[in-house]
Amino acid sequence: MSFDLDVLAIDPAASDDAVRAMAKRCRSGQHPEGELDERIVGFYESLRARYPDFPPYRDDSPWMSMPLDVGTDHVSMNMSFGRRSTPAIELVVDLAARYGLTIYDPQGDEVARPHR
């Protein structure tokens, strides 16, 4: 069993509908052209320093699908259920807050915005 999380570089004041629309676009593979958002770059580099998504993989990897889906404005993750994912989720939440990114949980249709 697995679940998905999307980390998005979107204005924190954007509506939940705008967050959902962006996540849907990102998961459809329709990535916008342009410069990488520096917040996404920092988030992804920090995340993969602990949980690589390219070989060699660690035994505690939470990823069910690798490499992670990374675009100019998002990182989408497919994670395993269980204790391996708990520390990874905590890291995702911490890093998203540090970089001012929004988290979208498509299973629960929940939006978590960065704290200001």
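The notes below deal with the structure included here. This is a predicted model, so every value here is computed, not measured.

### Regarding the packing of aromatic side chains
At step 1: Using the criterion set out here, one finds two aromatic pairs in the structure.
At step 2: Judged by centre distance (5.1 Å) and plane angle (45°), the ring pair of F3 and F81 falls under tilted. You can see F3 sitting in strand β1 (residues 2–8) and its partner F81 sitting in the loop between β3 (74–80) and α3 (85–99), a full 78 residues away along the chain.
At step 3: Among the residues examined, F3 registers a relative accessible area of 10% and is labelled buried.
At step 4: A ring pair is formed by Y51 and W63, whose centres lie 6.2 Å apart and whose planes are at 80°; its orientation type is edge-to-face. Residue Y51 is found in the loop between α2 (38–50) and β2 (69–71), and its partner W63 is found in the loop between α2 and β2; the two are separated by twelve residues along the sequence. The same class applies to Y51 and to W63, which are both buried.

### Remarks on the pattern of salt bridges
When the charged atoms of two side chains with opposite charge come close together, those side chains can pair.
At step 1: Under the criterion given, the structure shown has nine salt bridges.
At step 2: Ionic pairing is found between E45 and R48, a salt bridge with its closest N-O pair at 3.5 Å. Here R48 and E45 lie together in helix α2, a separation of three residues that amounts to about one turn.
At step 3: Under the relative-accessibility criterion, R48 is labelled partly exposed at 30%.
At step 4: Shared partners join several salt bridges into a network, and the residues in it are D4, D6 and R27.

### As for the sheet that holds β1
At step 1: Strands sit in the order β2-β3-β1-β4-β5 across an open sheet of five strands; the sheet is antiparallel. Edge positions in the sheet fall to β2 and β5 (110–112), since each of these pairs with one other strand and no more. The sheet shows a mean angle of 20° between the axes of neighbouring strands, taken without regard to direction.
At step 2: Bridging between β1 and β3 involves seven bridges; their strand directions are antiparallel. Considered in β3, the bridge of D6 is made with S76.

### Thoughts on the pairing of β1
At step 1: The buried count for β1 comes to six of seven residues, which makes it a mostly enclosed element.
At step 2: Across three bridges, β1 lies against strand β4 (residues 102–105) in antiparallel orientation. For L8, the partnering residue across the bridge sits in β4 and is T102.

About the thresholds
- Residues numbered from 1 in each chain as written.
- Predicted model: local features only at pLDDT ≥ 70, side-chain atom pairs only at ≥ 80, totals over all residues.
- Heavy atoms only, no water.
- Phe/Tyr/Trp six-rings, centres within 6.5 Å; stacked < 30°, edge-to-face > 60°.
- Helix = DSSP H or I, 4+ residues; strand = E, 2+ residues; numbered from the N terminus.
- Buried < 20%, exposed > 50% of the residue type's maximum accessible area, 1.4 Å probe, protein only.
- Salt bridge = Lys/Arg side-chain N within 4 Å of Asp/Glu carboxyl O.
- Pairing = 2+ DSSP bridges.
- Axes fitted to C-alpha atoms, helices over the stretch in contact; angles between N-to-C directions.

Everything listed is a geometric property; what it means functionally is a separate question.
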